[in-house]
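Spelled out, the chains give:
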Amino acid sequence: MGWIAVLWAALLLPPGSTGVGGVLGPIEVIEPRGGPRVIYRSMSAPSLVAVRLSVPVVEWPGMRGAARLLQSLARGELESGAAAIGARVELESTPTHAVYTVVGPAKSFEAMARLLQRAVSAPALSERGLAAIQARSEQAALAALELPDTRVHLALRASLFATTDASDAPPTPDRLDAEHVEWFWRRYFVPERMTAVVVGAAPIAEVISAFEGWDAPPPPTLAPEPAEPVDPPRTEAVARWVGIAWPAYGHDPATLAVASALVTGRLAGTGLARAWAQLLWEPDRLGFVVVGSALPGSQGNPARILREAVEKAADEVTGDEVSAARRALYHTLLYQARTPQGLASLIGRFSDCTGDPLGAVRFLDALLAVDEARVETALRDLVRASPSIVEVGP
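Residues numbered from 1 in each chain as written. Predicted model: local features only at pLDDT ≥ 70, side-chain atom pairs only at ≥ 80, totals over all residues. Heavy atoms only, no water.

Student: So what's going on with the overall build of the chain? Residues and values would help.
Tutor: Secondary structure summary: the chain contains twelve helices and eleven strands in total. For 394 residues, the compact-globule formula gives about 21 Å, and the C-alpha radius of gyration of the chain, at 22 Å, lands near that figure. For the chain, the spread of C-alpha atoms along the principal axes amounts to about 60 × 60 × 35 Å. By the burial criterion, 51% of the 394 residues in the chain qualify as buried. When contacts within the chain are restricted to residue pairs at least 6 apart in sequence, those whose partners lie at least 24 apart make up 79%. Averaging the coordinates of the 35 positive side-chain charges in the chain and doing the same for the 43 negative ones gives two points 4 Å apart. (Helix = DSSP H or I, 4+ residues; strand = E, 2+ residues; numbered from the N terminus. Rg over C-alpha atoms; globule rule 2.2 N^0.38 Å. Buried < 20%, exposed > 50% of the residue type's maximum accessible area, 1.4 Å probe, protein only. Contact = heavy atoms within 4.5 Å. Lys, Arg positive; Asp, Glu negative; His and termini not counted. Charge placed at Lys NZ, Arg CZ, Asp CG, Glu CD.)

Laid out in structure tokens, this is it:
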């Protein structure tokens, strides 16, 4: 049996409530031999189990799109296998992780774990099959880049996190071949680098057994020559889109999350067609972003409106605003965690961002401590810095 560290993580209830062991309850962190780290939360009802497997990856220029391509290669077998046992599959590719989620009956847990193990094992790399999947993946990625809000978001990320995996704006998939894909799989799809979150009615003995002794890929050889990029499509935007981004290192993510919710509320009355603030949070990276759009004929300047909204929030923030934003964010997270899949996603997302299996618990703890002074200090520090500005549109 692998080493087990039992970490009793009781979610603090809203002020005025009593009791411990809220929706996150007791979380156990398991380190199976030769397998992914497992974050386990037993949940007896409903009789479902959610398994979220996360693979940390880095996609630099010449290797972009590899994680999504590997997921596409595994999708058919994974979905047909899941359907046969009454389960369903969700695949997600973020800038830093490839995520595989299977949700199904607790009695099928072991079969679900085997499906995930096969999904991240050696891919079938026939040139013909890879070319067809590459074409579909490329079309989907390029279609997303035609959306102006997506384009602004990716460009802002590239300006904030100017590293090897975010060096141009907007990033596009590369024309990868079998050599690129196999090298990427060998480099990143190592079981000991992965994290599995298991939430539901699965016995802990089965959980430990399911994630022990996964085969590791052979070590990678020298990296192949970078693949050629795909030219980004022309963005067809009717509205004018603007995004502003500030680096936000040195501040508590919970404070910045409350600040983003507060600024989003203030943007509702500015006359922009759409506008919001958000926290960009990746491992060792933190940024604060505001995005807005103005329809043709609008008299307002979106960049000025967005910046003034943040500046006014820094100067005029009130305790009532902070309390309302904090409470709304807190209860939104609680609502997301009401099901095995929602709770697995919540635990997994924060684990991916922080590298801490109790990242979600610590964030919720910190969230309850956010006050007016912290939000004011964070916003004032932001507006004193020089931001990046991106514009897309007519």
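Alright, that's what it looks like, and here's the rest.
Student: Describe the sheet that holds strand β11 (residues 388–392), naming the residues involved and giving the relevant values.
Tutor: Reading across from one edge, β9-β10-β8-β11 is the order of the four strands in this open sheet, with antiparallel pairing throughout. Whereas interior strands pair on both sides, the edge strands pair on one side only; in this sheet they are β9 (274–282) and β11. Direction aside, neighbouring strands of the sheet carry axes that sit 15° apart on average. For strand β8 (residues 240–247) and strand β10 (residues 285–294), the ladder comprises eight bridges, and the chain directions are antiparallel. Counterpart to Trp-241 in the pairing with β10 is Ser-293. (Pairing = 2+ DSSP bridges. Axes fitted to C-alpha atoms, helices over the stretch in contact; angles between N-to-C directions.)

Student: I'd like a description of helix α5 (residues 178–188), backed by residues and values.
Tutor: Most of α5 is tucked away, with eight of its eleven residues classed as buried. All of the buried residues in α5 are Ala-178, His-180, Val-181, Trp-183, Phe-184, Trp-185, Arg-186 and Tyr-188. Where α5 is buried, its residues meet β4 (48–56), α1 (66–84) and α3 (127–145).

Student: I'd like a rundown of the pattern of salt bridges, residues and numbers included.
Tutor: Counted according to the given criterion, the structure contains 18 salt bridges. Residue Arg-186 pairs with Glu-182 through a salt bridge whose shortest N-O separation is 3.1 Å. Note that Arg-186 and Glu-182 are positioned in helix α5 at a spacing of four residues, about one turn of the helix. Glu-316 is the partner of Arg-266 in a salt bridge, and the nearest nitrogen-oxygen pair spans 3.4 Å. Of this pair, Arg-266 sits in helix α7 (residues 253–267) while Glu-316 sits in helix α8 (residues 302–316); the two residues are 50 residues apart in sequence, bridging distant segments of the chain. According to the relative accessible area criterion, Arg-266 is partly exposed, its value standing at 24%. You can call Glu-316 partly exposed: its relative accessible area is 43%. A network of salt bridges, in which partner residues are shared, links Arg-157, Glu-282 and Arg-285. (Salt bridge = Lys/Arg side-chain N within 4 Å of Asp/Glu carboxyl O.)

Student: Please provide a residue-by-residue account of a negative patch on the surface, values included.
Tutor: A contiguous patch of negative charge on the surface is contributed by Glu-127, Asp-177, Glu-179 and Glu-225. Mapped onto the secondary structure, Glu-127 falls in helix α3. (Patch = residues over 30% accessible without salt bridge, like charges linked within 9 Å, V, L, I, M, F, W, Y side chains within 5 Å. Areas by Shrake-Rupley, 256 points an atom, 1.4 Å probe, with all protein chains shown as cover.)

Student: How would you summarise the packing of α1 against α3 if you had to cite specific residues and measurements?
Tutor: Interhelical geometry of α1 versus α3 gives an angle of 120° and a closest axis separation of 10 Å. The angle between the axes of α1 and α3 places the two elements in the oblique class. The crossing of α1 and α3 is right-handed. Facing α1, whose interface residues are Arg-68, Leu-69, Ser-72 and Leu-73, α3 presents Leu-130, Ile-133, Gln-134 and Ser-137. Split by residue class, the contact of α1 with α3 holds four nonpolar, three polar and one charged. (Parallel < 35°, antiparallel > 145°, perpendicular 65-115°, else oblique. Left-handed = near helix turned anticlockwise from the far one by under 90°. Nonpolar A, V, L, I, M, F, W, Y, C, P; charged D, E, K, R; others polar.)

Student: Break down the packing of aromatic side chains for me, citing the residues and quoting the values.
Tutor: Scanning all chains against the criterion turns up nine aromatic pairs. Between Trp-281 and Phe-350 the ring centres are 5.7 Å apart and the planes differ by 80°, which places this aromatic pair in the edge-to-face class. A residue pair is termed long-range when its members are at least 10 positions apart, and Trp-281 in strand β9 and Phe-350 in helix α10 (residues 340–354) qualify at 69 residues. Accessibility expressed as a relative area gives 9% for Phe-350, which makes it buried. (Phe/Tyr/Trp six-rings, centres within 6.5 Å; stacked < 30°, edge-to-face > 60°.)

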